[in-house]
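# Understanding the architecture of this molecule
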Amino acid sequence: MSRTASLPSAVPATGTRAGRFRPELHGLRGLAIALVVLYHVFFDRVSGGVDVFLFISAFLLVGTFMRKVDRGEPMRPAAYWGRTFKRLLPPTAVISLATLGGVYLLLTPDRWMTGITDAIGSLLHVQNWVLIQRGVDYYAAAETGPSAFQHFWSLSIQGQVFLVWPVLIALTVAVARWRRISVRASLATMFALVLMASFAWSVHSTATQQEVAYFDTFTRLWEFAAGSLLGLALPWWEQRTTRSATARHRAITPARGLPQVLMGWAGIIALVSCGLLIDVQGAFPGWIALWPLAAAALVLCAGTTGHRFSVDRLLSTRPAVVLGDISYGLYLVHWPLLVLFLARTGKERASLVDGALLILTSLVLAWLLTRVVDTPIRRWPWAAAKAW
């Protein structure tokens, strides 16, 4: 098996400005992880789910800091790190220990040290660089099979951005306030520069050294920058259109909501069909990653329409919400289960029955991980008292 896993964001599904909750975003995250799991278990193609998660995580991160900007509060990057890694690390530690146990019990001794190295890289959020140093090729099937920790490459990139992005935002906001210029425009300029530089490097690196480009943090930064730019632009656009409608005393009718409904469905169809219609082998993470990002952006721009046939109504249903709730846990558990199962049975791919059982087991374990580890720690008052 030659495919690696991808990551659901661990950032809460809140809106992009104070008091703005986006239920369709939470459901979109659940749909994306469902696609990731299905593609890993049954298909030999990239789903684009990892790109959607990177995009959404940046969208939410910028929203968190923009609410502070709107309230005139200090940025306090350390406080953000404390809240974020408080949630990221405990489930990661639990799954890393459990996976190490599985590696020891089910795999041959020659893979034990690799497992220990990968566990350390995963906990330190540098697993993508560990894989690059080892010379792992995302598209080439290794003789011994993929690492049970290989899915942590995307979580590592996300963790690195969670460290760097708040510093960039805090510095840009500080300069903008000192120079008395628009904070939003300054941030947009900074993210646009990051996007252009990273996108150019991503296209070049993918064409010349794709096995490195896939795991490279710098080839992925443009996806975070794109999500950040949407996080800056979307609240402004929503407020502007709302004021315009109010000023003209126009009611929101089903006919006027139809373009948003069509936009949302276009985004969902594009996201689901990405891996089916495009043979992206060797093309990610270059320009082709624009496809899933544009699909996610369409869903977010469509917003909450309230239309009974809209995508946001579907993504706000109870199953979609539950899937969004456990998406982080589902990402963490499904890949080690799949890799260890295939290594133990000697199969290259799971059958329909085996795959269904693996997915069901992953859902149950993800729910337990969320209920027993993730949610309690996130709610413990002492863990949020101080940034450290």
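Up top is the structure these notes are about.
Before going into details, it helps to say that this report is about the structure given with it. (Residues numbered from 1 in each chain as written. Predicted model: local features only at pLDDT ≥ 70, side-chain atom pairs only at ≥ 80, totals over all residues. Heavy atoms only, no water.)

### Details of the overall build of the protein
Across its full length, the protein carries 15 helices and zero strands. Looking at the protein as a whole, 54% of its 388 residues are labelled buried. Intrachain contacts of the protein at a sequence separation of at least 6 include 80% that bridge at least 24 residues. By element, 68% of the accessible surface of the protein is carried by carbon and sulfur atoms, the whole surface being about 17500 Å². (Helix = DSSP H or I, 4+ residues; strand = E, 2+ residues; numbered from the N terminus. Buried < 20%, exposed > 50% of the residue type's maximum accessible area, 1.4 Å probe, protein only. Contact = heavy atoms within 4.5 Å. Areas by Shrake-Rupley, 256 points an atom, 1.4 Å probe, with all protein chains shown as cover.)

### With respect to a nonpolar patch on the surface
A surface patch of nonpolar side chains, amounting to about 780 Å² of accessible area, comprises Met-113, Ile-116, Ile-120, Leu-124, Val-126, Trp-129, Trp-201 and Phe-218. Looking at where Met-113 falls in the secondary structure, it is placed in helix α4 (residues 112–123). (Patch = residues over 30% accessible without salt bridge, like charges linked within 9 Å, V, L, I, M, F, W, Y side chains within 5 Å. Salt bridge = Lys/Arg side-chain N within 4 Å of Asp/Glu carboxyl O.)

### So, unusual backbone geometry
Backbone geometry places Arg-76, a non-glycine residue, at a positive phi of 50 degrees. Positionally, Arg-76 belongs in the loop between α2 (49–71) and α3 (77–106). Residue class for Arg-76 comes out exposed when judged on its relative accessible area of 52%. If you check the backbone angles, Arg-180 has positive phi at about 60 degrees while not being a glycine.

### Considering the packing of helix α1 (residues 23–42) against helix α14 (residues 327–345)
Between α1 and α14, the shortest axis-to-axis distance is 10 Å and the interhelical angle comes to 5 degrees. Taken together, the axis directions place α1 and α14 in an arrangement best described as roughly parallel. The segment α1 lies against α14, with Arg-29, Ile-33, Val-36, Val-37, His-40 and Val-41 engaging Ser-327, Leu-330, Tyr-331, His-334, Trp-335 and Leu-338. (Axes fitted to C-alpha atoms, helices over the stretch in contact; angles between N-to-C directions. Parallel < 35°, antiparallel > 145°, perpendicular 65-115°, else oblique.)

### Quick word on helix α11 (residues 290–302)
Taking 1.5 Å of rise per residue, 13 residues should cover 18 Å, and α11 covers 18 Å from first to last C-alpha, within 8% of that figure. Along α11, the residues classified as buried are Pro-292, Leu-293, Ala-295, Ala-296, Ala-297, Val-299, Leu-300 and Ala-302. The first or second residue beyond α11 is Gly-303, which carries a positive phi of 70 degrees. (Expected span 1.5 Å × (residues − 1).)

### Side note on helix α15 (residues 352–379)
Look at α15: 39 Å from first C-alpha to last across 28 residues, which is about the 40 Å you get at 1.5 Å a residue. Roughly 40 degrees is the biggest bend found in α15, and it falls at Thr-370. Taken together, the buried positions of α15 are occupied by Asp-354, Gly-355, Leu-358, Ile-359, Ser-362, Ala-366, Leu-369, Thr-370, Val-373, Asp-374, Thr-375 and Ile-377. On the buried face of α15, the contacting elements are α1, α3, α13 (318–325) and α14. (Bend = angle between axes of the 7 residues up to and from the residue.)

### A few points about the packing of aromatic side chains
Working definition: an aromatic ring pair is given by the centre-to-centre distance plus the angle between the planes. Tallied over the entire structure, the rule returns twelve aromatic pairs. Here Tyr-80 and Phe-162 contribute two aromatic rings whose centre-to-centre distance is 6.2 Å and whose plane-to-plane angle is 80 degrees, an arrangement assigned as edge-to-face. You can see Tyr-80 sitting in helix α3 and its partner Phe-162 sitting in helix α6 (residues 152–179), a full 82 residues away along the chain. With respect to burial, Tyr-80 and Phe-162 carry one shared label: buried. Among the aromatic side chains, those forming a connected cluster through ring pairs are Phe-65, Tyr-80 and Phe-162. Here the guanidinium or amino end of Arg-220 rests over the ring plane of Tyr-214, the centre of that ring lying 4.6 Å away. (Phe/Tyr/Trp six-rings, centres within 6.5 Å; stacked < 30°, edge-to-face > 60°. Lys NZ or Arg CZ within 6 Å of the ring centre and 35° of its normal.)

### Considerations on the nonpolar core
With 98 residues, the main nonpolar core has Leu-28, Trp-165, Ile-169 and Leu-187 as its most contacted residues. The leading source of residues in this core is α2, at 14 residues. Not counting residues within four places of it along the chain, the set of residues in contact with Leu-28 comprises Ile-56, Ile-268, Leu-271, Ala-296, Val-299, Leu-300 and Leu-315. (Core = buried A, V, L, I, M, F, W, Y, C linked by side-chain atoms within 4.5 Å.)

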